[in-house]
Structure formats: structure tokens, C-alpha cells
Amino acid sequence: MTHVSPARSATTDAAKADSSKALYGGKGTRRITVRDIAAAKHRGEKWPMLTAYDAMTAAVFDEAGIPVLLVGDSMGNCHLGYESTVPVTMEEMTLLSAAVVRGTRRALIVGDLPFGSYQEGPVQALRNATRLVKDAGVGAVKLEGGERSADQIEMLVQAGIPVMAHVGLTPQSVNAYGGYPVQGRGEEAAQQLRRDAKAVQDAGAFAVVLELVPSELAAEVTRSLHIPTVGIGAGPECDAQVLVWTDMAGMTSGRVPRFVKQYAQLRDVLGGAAKAFAEDVVGGAYPTQEHSFH
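Residues numbered from 1 in each chain as written. Predicted model: local features only at pLDDT ≥ 70, side-chain atom pairs only at ≥ 80, totals over all residues. Heavy atoms only, no water.

### Focus on the side chain of His166
Then, in step 1: Along the chain, His166 turns up in strand S5 (residues 163-168).
Then, in step 2: Owing to a relative accessible area of 5%, His166 belongs among the buried residues under this scheme.
Then, in step 3: Among the polar contacts made by the side chain of His166, one reaches the main-chain carbonyl oxygen of Leu169 at a distance of 3.1 Å.
Then, in step 4: A distance of 2.9 Å separates the side chain of His166 from the side chain of Glu211, its partner in a polar contact.
Then, in step 5: Sequence-distant contacts of His166, that is, excluding residues within four places in its chain, are made with Lys142, Leu143, Glu144, Gly145, Pro171, Val208, Val209 and Glu211. (Helix = DSSP H or I, 4+ residues; strand = E, 2+ residues; numbered from the N terminus. Buried < 20%, exposed > 50% of the residue type's maximum accessible area, 1.4 Å probe, protein only. Polar contact = N/O pair within 3.5 Å; in protein donor to acceptor, adjacent residues only side chain to side chain. Contact = heavy atoms within 4.5 Å.)

The following block contains the structure:
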């Protein structure tokens with residue numbers, strides 16, 4: 001019989017306990033909260049986040065164990081047919097956020113504050129964030145901007161609304177950027193990104209998205225913060241990674257960003273299914289007696 005020392009047994013039990021609390025692969029069934037996110041940072045645990053815009057897709061991701069789902073204003077590009085995220089409204093965000101909440105049981109649902117819903121100041125931000133929490137049922141909200149959005153973040157957190165911040169490339173500023181360039185290159189830009197990340201942490205954000213940031217800078221920022229970083233085009237050292245689900249699953253047509261890894265080709269699968277259905281209808285192979293009532 002192998003002897004296991006009490007110290008080793010205690011260490012093993014602690015490891016198992018930590019494993020059971022894991023954001024991805026854990027055994028918990030209750031809703032994930034921002035306290036769980038903070039604990040994962042303390043454990044050094046990496047975790048995945050995906051976007052979702054409807055109840056059915058959200059349910060699939062929830063059942064797959066994805067711990068955090070973002071109802072992103074990326075819905076503008078990949079769900080509503082807009083050319084950018086800028087036209088997305090609070091009405092659209094509230095409607096689709098509520099659908100994602102209804103379709104899930106465990107994931108923390110984060111709702112984006114769309115362009116024009118918080119830029120006026122903290123009072124406007126609180127009014128619209130409250131709407132997402134009360135009417136849609138989200139567990140947290142996300143807004144873009146570092147130092148310039150610190151007052152809004154502080155107001156929301158003081159009101160009891162958890163905030164995920166977003167620095168680096170902020171897509172709502174596409175018209176100011178003139179595109180989607182990498183942010184934080186050069187010492188001046190890097191210093192601004194460092195200030196932005198610290199400002200949102202100091203304002204009370206529970207996590208911060210780093211988008212299109214050089215990987216070395218993102219790693220430095222991740223080490224410097226006590227809140228988790230969520231990378232998208234920011235290298236492998238961030239605490240978490242997020243992708244737009246239509247990019248991840250191969251639904252997006254044409255060229256995808258360099259940072260995207262496609263884990264399926266659903267556009268081809270759905271297109272093939274649609275063609276097969278059409279051919280059966282035209283050729284008289286569907287419906288058959290098997291699909292008919294008498």
C-alpha cells in the first residue's frame with residue numbers, strides 16, 4: 001500500500017477543490033459572478049469568453065461550459081447587418097441581451113453599452129446600464145474607454161453594477177481611427193494604454209478587454225493589474241481570451257482578422273444544408289409520406 005503523507009493529501013484535496021471551482025470545466029451549476037472571475041485571477045486560471053446574440057446560440061455555448069458570454073455591440077456587424085458597431089441602439093442591445101439571459105443557466109452575461117449610451121457622462125451611463133440590468137437581466141455591463149470613461153465606471157460600480165472595461169482598439173471609435181489599427185505601438189501610445197488600464201482598475205472595473213495590443217505590452221499590463229485582462233488580438237499572456245462567435249465558428253465570409261482562429265466552417269455546413277433542402281423540394285424528394293399526416 002502506498003503511503004500518502006497528510007501534507008501531500010491536503011495539497012491534493014486543495015487542488016481538487018480549486019479544480020471544482022474552475023470557470024471552465026468546473027462542477028458548479030449556479031450563475032458565475034464577478035467574484036468567481038476575481039478568484040480565477042488569483043488562481044492563475046485562464047478562461048474563455050465568446051459573444052452571443054440569441055437564446056439558441058447562447059444555450060449551446062452555455063452547455064459547452066463557456067463561463068462568460070458577451071452580448072457585444074459586434075451584433076451590429078455580424079447579426080444586424082450594419083457596417084460597424086456604431087448604429088447599435090439601446091433597444092437592440094436590451095432585446096438581444098434578454099434573449100441571451102433566457103437561453104443560459106450558468107454563464108455570466110455581460111451586456112455592451114452601445115455608442116452614444118454613456119459618452120455624455122456618468123448619469124447617462126447609469127441610466128442605460130440600469131436598463132440592461134433590470135430589463136435584460138445581465139450580470140454586468142461593458143463599456144469602452146480608459147481614462148476618459150473612468151468616471152462612468154466609478155458611478156456604475158458605486159451603484160452596484162459590475163463593469164468590464166475595454167481599452168486598446170475601441171471599435172466604437174472607428175470613425176476617429178479611420179479603421180482598426182493596432183494600439184499601443186510606440187512609447188507614447190504604450191504609456192497611454194498603461195494609464196488607461198490602471199484607470200479602469202482604479203475606478204472599480206472587475207476586468208478589462210485589451211483589443212489589438214502588441215502581445216508584449218498586453219503581457220506587461222496583465223502582470224501589473226490585479227483584475228483579469230481579456231485579450232482579443234493581444235497575445236497569449238492575457239488572463240482570458242474572447243472571440244466573436246461568428247468568426248470563431250467560420251460563419252464570417254471573406255477575410256477574417258489575423259488574430260482569429262476558426263474552429264469550424266459553419267457557413268459551409270449551413271449552405272450545404274440549405275442547398276440539399278432546396279434540391280429535395282424541387283426534385284420532389286421532400287416531403288415524403290414519412291413527413292406527412294393522415
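Past the structure itself, the notes keep going.
### Looking at the pairing of strand S2 (residues 68-71)
Then, in step 1: What you see with S2 is no split at all: Val68 and Leu70 on one side and Leu69 and Val71 on the other are buried throughout.
Then, in step 2: Relative to S2, strand S1 (residues 47-51) runs parallel, the two sharing three bridges. In the sheet register, Thr51 faces S2, and the bridge partner there is Leu70.
Then, in step 3: On the question of chirality, the crossover connecting S1 to the parallel S2 by way of helix H3 (residues 55-63) is right-handed.
Then, in step 4: Judged from the four bridges that link them, S2 and strand S3 (residues 108-112) form a sheet pairing that is parallel. Looking across to S3, one finds that Val68 is bridged to Leu108. (Pairing = 2+ DSSP bridges. Right-handed = clockwise from strand over helix to strand, strands pointing away.)

### Things to note about the pattern of salt bridges
Then, in step 1: For the structure shown, the criterion picks out nine salt bridges.
Then, in step 2: The partner of Asp239 in a salt bridge is Lys41, with the nearest N and O atoms 2.8 Å apart. Taken together, the residues span a long stretch of sequence, with Asp239 in the loop between strand S7 (229-232) and strand S8 (240-243) and Lys41 in helix H2 (residues 34-43) at a distance of 198 residues. With respect to class, Asp239 is no different from Lys41; both count as buried.
Then, in step 3: Measuring nitrogen to oxygen at the nearest pair gives 3.5 Å for the salt bridge that ties Arg131 to Glu91. Taken together, the residues span a long stretch of sequence, with Arg131 in helix H6 (residues 122-136) and Glu91 in helix H5 (residues 90-102) at a distance of 40 residues.
Then, in step 4: Residue Arg131 is classed as partly exposed on the basis of its relative accessible area of 27%. (Salt bridge = Lys/Arg side-chain N within 4 Å of Asp/Glu carboxyl O.)

### Side note on the environment of Asp36
Then, in step 1: Inspection of the secondary structure puts Asp36 in helix H2.
Then, in step 2: Judged by relative accessible area, Asp36 falls into the buried class, the value being 16%.
Then, in step 3: If sequence neighbours within four positions are ignored, Asp36 has contacts with Leu23, Arg30 and Arg31.

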